[in-house]
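# Residue-level structural notes
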Amino acid sequence: MNGVLYLAWRYLAYNRWKTTILVGSIMLIIYLPVGLNVVVEQSGQHLNARAQATPLLVGAKGSPLELSLNSLYFSLDTPELTTYAEATSIIETGLAEAIPMYVRFRSRAQPIVATSFEYFGFRGLELAEGRMPALLGETVLGAAAAEDLGVGVGDAVVSSPETAFDLAGIYPLKMNVVGVLAPNFTSDDNAIFVDVKTAWIIEGLGHGHEDLANPDASSAVLNRTADNIVANASLVQFNEITEDNIDSFHFHGSLDGYPLTGVIAVPHDDKSGVILMGRYLDSEANKQIVRPRDVVEELLDTILTIQQFIVAAVFIVAVATIATAALVFLLSLRLRRREIDTIGKIGGGRWHVASMLLAEIIIVLLMGGTLAAGLTALTWQYGSAIVEGVVMS
Amino acid sequence: MTAKSWIKVVAVTAMLQTVACGERAPQEREREDRADDLLRVITVNYPLAYFAESILGDKGNVSFPAPADVDPAYWSPEPADITTYQQADLILLNGAGYAAWVANVTLPRSRLVDTTAAVADQLIPIESDVTHTHGPTGDHSHGGTAFTTWLDFDLAVAQAAAVADAIVAVRPSHEAEFRAALDGLAADLEALDADLMAVAEALGDQTVVFSHPVYQYLERRYNLQAISVHWEPDELPEEAQWRELQSVLQRHPAKIMIWEAEPLGETRRRLTEFGVQSVVFSPGGNRPETGDWLDVMKAGIASLRSQ
């Protein structure tokens, strides 16, 4: 028996390219549907876990998917904007806690997630070092964001302009890093967290500048009357919030009119959640309330349908591959006629020849299957991160 | 189909997640009561701390972290102080623009209590002298609101009620005790109100001078004829300020100047030469060295009554 296995192994080793191609084909037809299933399943679990943990989302009328992806996973697409008044009105109903979300700006590749202090408790985020943001312009970073940006407590990050060619647009804001969060293996790890008011300063809706009534600011004054001072374009607006200038930062008008991308509503109980949803469904105003888990389930259903099509295609390819492999095997028998005759002449019977050929097939299948299992294990561990890396690059 | 094509196929899902490890179940934040179940209340001024202490009794810890030697209205807390505020169960704000630093810090909105929100229509706006214009937002001014609201003891009752409501909302099991304590506090405030009303009636049409423009609510509630100047009790007024006072007194003869704190002896003496007596009526924004807020108010009323 050992001799049969030895001969089979030596044959495969001698014809290494043919063996490699066969093993590779077997590996791919096993791995592709299984690996795809693993990635989809993992994605589904992740999406569902975060969506399940987010009871309700309120935003301006538009795509529920965009609203959910932006608020939960900090996607690049900004949904229709709502206002801070929405958060206020939710609180005033007494039915739910409202966590404002403004996910619009970035610092390099990392999303700047502007929210309220309650978000950290809601998501169970804990500090690894430093402290929570206390002053305007302060930020805490997710664990992965801190690593990717190479910054820590005491360093600073700068907001990126929305468009590279917007020369007249908003100034970048330098934000001081006061804390780094412990990893929690969600989108939060990649985020840069600031107070919503800091995001409004990034946008230019709130700002700090020298006191125009101060004689030192006379060069920035275009026109001065007894009751009005008009500044000229040279008025310096601060692009970093420090202890010295923080008192000069201000917002014009009521904050209720300021923009948000969404509001996470956390009902006090199930009944409150239903009542709150009912109020929005009855409302004809330009707003929507969505249950993220419904939105994500719908998305997953779509993905599942696509997956089923892909698996069907893979099955057809697999049949073709197996047929081709069988053909290759049968053709190789003709090429190996002299080899088989030689085995017979030195005393090998039909059984030995059949065993040797069967051993070759089993070895190829085992090698292909083992490699596919290894790849699936790698996919289970790192697949999502690799895919994300490819997509981000 | 190439591996790259496969990557594109799964990108829809993969771009939505970060790494391939298990997600920890998110937790909705529960306010962490300590073992003794004491409610942690923090305030922006001493009157609110006094109200909260009176209502909570031994059911909570009330803190007011501003140093004793500053005016809490203009105090700027350090980040460590703000962290203390963030950890409280209730953060009592005075509203009316008091403690402007609140606008520039990160505090848990769900734990903020604006104690003058219910009486916002009774707040006194202060018009800014100057507006300014820059950028696309048009004219605006940085005028504000008079914020020493508790000197109208009727408003103080409303603020105390707001404090009680907030406390009851997070500790409903002790509602009866808290409401009873509020009744006692309200009775004290109403007694102060009646006393001060009587003193004000005795003053009649007599003009009083306020050394600082922080008595707007006192003036309105008790119908005082008053003029405000900008004098500091621990600084000798400059000659220009004396001349300004002289001019004011010619138009509005006044025999009383109300101070936030004891003025310098020289100032008191020179005011006497003008026929003006100095009366200390501290707004009680910060914790006194001795006694409590009620004592400070009673002392102020007594001082005014003695004139």
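Another aspect to go through is the overall build of chain B. Helix and strand counts for chain B stand at 9 helices and 12 strands. Classification of the 307 residues of chain B by burial places 40% in the buried group. When contacts within chain B are restricted to residue pairs at least 6 apart in sequence, those whose partners lie at least 24 apart make up 55%.

Our focus in this paragraph is the domain arrangement of chain B. Residue and element names in this part refer to chain B. Split by domain assignment, chain B resolves into domain 1 (39-127 + 140-189) and domain 2 (200-305). For domain 1 versus domain 2, the separation of C-alpha centres amounts to 26 Å. Where the side of domain 1 that touches domain 2 is concerned, the elements lending two or more residues are α2 (46-56) and α4 (153-170). Ranked by residue count, the leading element in the side of domain 1 that touches domain 2 is α2, at 3 residues. Residue composition of the side of domain 1 that touches domain 2, grouped by class: 12 nonpolar, 3 polar and 4 charged.

For the rest of this paragraph, the subject is helix α7 (residues 239-251) of chain B. The end-to-end C-alpha distance of α7(B) is 19 Å, a good match for the 18 Å that 13 residues give at a rise of 1.5 Å each. Burial runs low along α7(B): only 1 of the 13 residues are buried.

Before going further, it helps to examine the sheet that holds strand β2 (residues 60-63) of chain B. Residues and elements named next belong to chain B. The parallel open sheet is built from 4 strands, whose spatial order is β2-β1-β3-β4. Where the open sheet ends on each side, the last strands, each with one partner, are β2 and β4 (112-114). Averaged over all neighbouring strand pairs, the angle between strand axes comes to 25°, with direction disregarded. Sheet topology places strand β1 (residues 39-43) next to β2; 4 bridges connect them, and they run parallel. Across the sheet, I42 pairs through a bridge with S63, a residue of β2.

In this section: the pairing of strand β4 (residues 110-115) of chain A. All names here are of chain A. Burial runs high along β4: 6 of the 6 residues are buried. Residue alternation in β4 divides its side chains into two sets, Q110, I112 and A114 and P111, V113 and T115, and both sets are buried. Here strand β3 (residues 96-107) runs beside β4; their pairing, made up of 5 bridges, is antiparallel. Across the sheet, V103 pairs through a bridge with V113, a residue of β4. With antiparallel pairing between neighbouring strands as the criterion, β3 and β4 make up a hairpin whose turn holds 2 residues, including R108 at a positive phi of roughly 55°.

Right, let's get into the packing of helix α2 (residues 16-52) of chain A against helix α9 (residues 292-335) of chain A. Where α2(A) contacts α9(A), the two axes come as close as 10 Å, and the packing angle between them is 175°. When the axes of α2(A) and α9(A) are compared, the pair comes out roughly antiparallel.

Moving on to the domain arrangement of chain A. What the domain assignment lists for chain A is domain 1 (2-47 + 299-392) and domain 2 (56-205 + 252-290). Using C-alpha coordinates to define each centre, domain 1 of chain A is positioned 48 Å away from domain 2 of chain A.

Let us look at helix α3 (residues 64-73) of chain A. Spacing of three or four residues puts side chains on the same side of an α-helix, whose turn is 3.6 residues. Residues and elements named next belong to chain A. For α3, the buried fraction is high: 8 of the 10 residues fall into the buried class. Among all positions of α3, only P64, L67, S68, L69, N70, S71, L72 and Y73 are buried. Taken together, the buried residues of α3 touch α2, β1 (56-60), β3, β15 (262-267), β16 (287-290) and α9. One or two residues past the end of α3 sits F74, with phi positive at roughly 60°.

Thresholds, definitions, all that
Residues numbered from 1 in each chain as written. Chains lettered and ligands numbered in written order. Predicted model: local features only at pLDDT ≥ 70, side-chain atom pairs only at ≥ 80, totals over all residues. Helix = DSSP H or I, 4+ residues; strand = E, 2+ residues; numbered from the N terminus. Buried ≥ 20, exposed ≤ 12 C-beta atoms within 10 Å, placed from the backbone. Contact = placed C-beta atoms within 7 Å. Domains from an automatic or database assignment. Nonpolar A, V, L, I, M, F, W, Y, C, P; charged D, E, K, R; others polar. Expected span 1.5 Å × (residues − 1). Pairing = 2+ DSSP bridges. Axes fitted to C-alpha atoms, helices over the stretch in contact; angles between N-to-C directions. Parallel < 35°, antiparallel > 145°, perpendicular 65-115°, else oblique.

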